[in-house]
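Topology and contacts: notes
Each chain is listed here by its residues.
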Amino acid sequence: MARVYNFSAGPSMLPEAVLQQARDEMLDWQGSGMSVMEMSHRGLHFSGIAEQLTADLRELMAIPDNYKVLFLQGGATAQFSMIPLNILQGKSKACYVNTGAWSAKAIKDAGRYCQVVVSASAEASGFDRVPEVSQWAIDPDAAYLHYTANETIHGVEFPFIPESQGLPLVCDMSSNILSRAVDVSRFGLIYAGTQKNMGPAGVTLVIVREDLLGAVDTKLPDVFNYAVQAKNDSMLNTPATYNWYLVGLVLRWLKSVGGIKAIEALNIKKAAHLYQVIGQSRFYSNPVQTDYRSRMNVPFILAEPALDKIFLEQAQALGLFELKGHRSVGGMRASIYNAMPEQGVKALCDFMVEFESKHA
Ligand SMILES: *Cc1c(COP(=O)(O)O)cnc(C)c1O
């Protein structure tokens, strides 16, 4: 069967070269006579895979030496709790910015461990923007300031790193990690589930500045304790070995296509093409203010919702899959992560133009 263009928000497309390499190495990884799945996580082969994974990520993101890189389990959702459990530093408050569905979940979970100060919210305008940073109410007594770099459901992305007035900046980059250049030194902590832009589901990346790792509640399980995981190279217990390997292949692929700068340029081009089709049309619309439109997740609605079903059917017949919008916002959503080829975006754009000419 021919591979389709899969616009799913996550788990999402992987680079074909990665899948081919995984297939080729499935039964015998580089002459070891074993699949990576079958290797001891403490063995020589897997140690090499793990070291390479960390080294490649440090290189791609230019992560400074005073940051720990952790590969954990539990998804970004586990981090909604692990962050306050690990880095409150004895304080009772944390600041959060609410730009959509994922920020709201982070806020809800953090509320179980500390007093959440919502420094700004775009809820009143239907999550169509990043609230003006100069208006954020940042509490100097808070332990950190949390924001969501890309709202996967609402299609709102920060085009800049916000100023946090001295508080450690904590960022959920689940759906735009490795898609654009970021200065890691501006952050206290960055986290991301891997299933959008880094690989398959099952690994959660945490990049944390060392000075934030301090005393935690003795009841905190060791597997959820950043300091303990850091000391054990994220191998306190058995990690998701095969998934680490696949994430490693994705990083290698990213390096082979020119790294973050090159993929960012391509992402800009892909998103611009799609937003141009939407912008020039009176049939499609995107509710997000132009400056904050996501390069990764492009929600759009059809002027005639009764046509949603045939839009999806016809798209699918052309090999354009998973375009249905999130149930909470309706309409359509095209997720165009790093692994979505430019050809896939072009095919979608061509289809949209033709669909409009036939039905609008
Ligand atoms: C997908 C997503 C999450 C949740 O990730 P899980 O791995 O399912 O826990 C959190 N934040 C953002 C921005 C996401 O896109």
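Residues numbered from 1 in each chain as written. Predicted model: local features only at pLDDT ≥ 70, side-chain atom pairs only at ≥ 80, totals over all residues. Heavy atoms only, no water.

1. What about the overall build of the chain?
- Across its full length, the chain holds nine helices and 14 strands.
- A compact globule built from 360 residues should have a C-alpha radius of gyration of about 21 Å, and the chain, at 21 Å, falls within 12% of that.
- Each principal axis of the C-alpha atoms in the chain carries an extent, and together these give about 65 × 55 × 30 Å.
- Counting only contacts in the chain whose residues sit at least 6 apart along the sequence, the fraction spanning at least 24 positions is 66%.
- For the chain, the accessible area works out to roughly 15800 Å², and carbon and sulfur atoms hold 52% of it.
- Placing the 31 positive and 35 negative side-chain charges of the chain at their respective mean positions leaves the two points 2 Å apart. (Helix = DSSP H or I, 4+ residues; strand = E, 2+ residues; numbered from the N terminus. Rg over C-alpha atoms; globule rule 2.2 N^0.38 Å. Contact = heavy atoms within 4.5 Å. Areas by Shrake-Rupley, 256 points an atom, 1.4 Å probe, with all protein chains shown as cover. Lys, Arg positive; Asp, Glu negative; His and termini not counted. Charge placed at Lys NZ, Arg CZ, Asp CG, Glu CD.)

2. Comments concerning the site of the ligand
- Among the 13 residues in the neighbourhood of the ligand, the closest are listed as Thr77, Thr152, Asp172, Gln195 and Lys196.
- The contact in question runs from an oxygen atom of the ligand to an N or O atom on the side chain of Lys196, over 2.7 Å.
- Protein coverage of the free-state accessible area of the ligand, which is 390 Å², stands at 86%.
- If one sorts the elements of the shell around the ligand by residue count, helix α3 (residues 75-87) sits on top with four residues.
- Taken together, the residues that form the shell around the ligand break down as three nonpolar, eight polar and two charged. (Near = heavy atom within 4 Å. Polar contact = N/O pair within 3.5 Å; in protein donor to acceptor, adjacent residues only side chain to side chain. Nonpolar A, V, L, I, M, F, W, Y, C, P; charged D, E, K, R; others polar.)

3. Overview of the packing of aromatic side chains
- Taken as a whole, this structure holds 18 aromatic pairs when the rule is applied.
- Ring centres 5.9 Å apart and planes at 40° place the aromatic pair Phe46 and Trp244 in the tilted group. One end of the pair, Phe46, is in helix α2 (residues 44-61); the other, Trp244, is in helix α6 (residues 241-256), and 198 residues separate them in sequence. Note on accessibility: Phe46 and Trp244 belong to one class, buried.
- Look at Phe311 and Phe355: their rings are 5.1 Å apart centre to centre, the planes differ by 85°, and that puts the pair in the edge-to-face class. Taken together, the residues span a long stretch of sequence, with Phe311 in helix α8 (residues 308-317) and Phe355 in helix α9 (residues 342-359) at a distance of 44 residues. (Phe/Tyr/Trp six-rings, centres within 6.5 Å; stacked < 30°, edge-to-face > 60°. Buried < 20%, exposed > 50% of the residue type's maximum accessible area, 1.4 Å probe, protein only.)

4. Some points on the domain arrangement of the chain
- What the domain assignment lists for the chain is domain 1 (16-256) and domain 2 (258-359).
- The C-alpha-based centres of domain 1 and domain 2 are spaced at 27 Å.
- Each partner contributes to the interface: domain 1 provides 26 residues, whereas domain 2 provides 24 residues.
- Our count for the domain 1 to domain 2 interface comes out at zero salt bridges. (Domains from an automatic or database assignment. Salt bridge = Lys/Arg side-chain N within 4 Å of Asp/Glu carboxyl O.)

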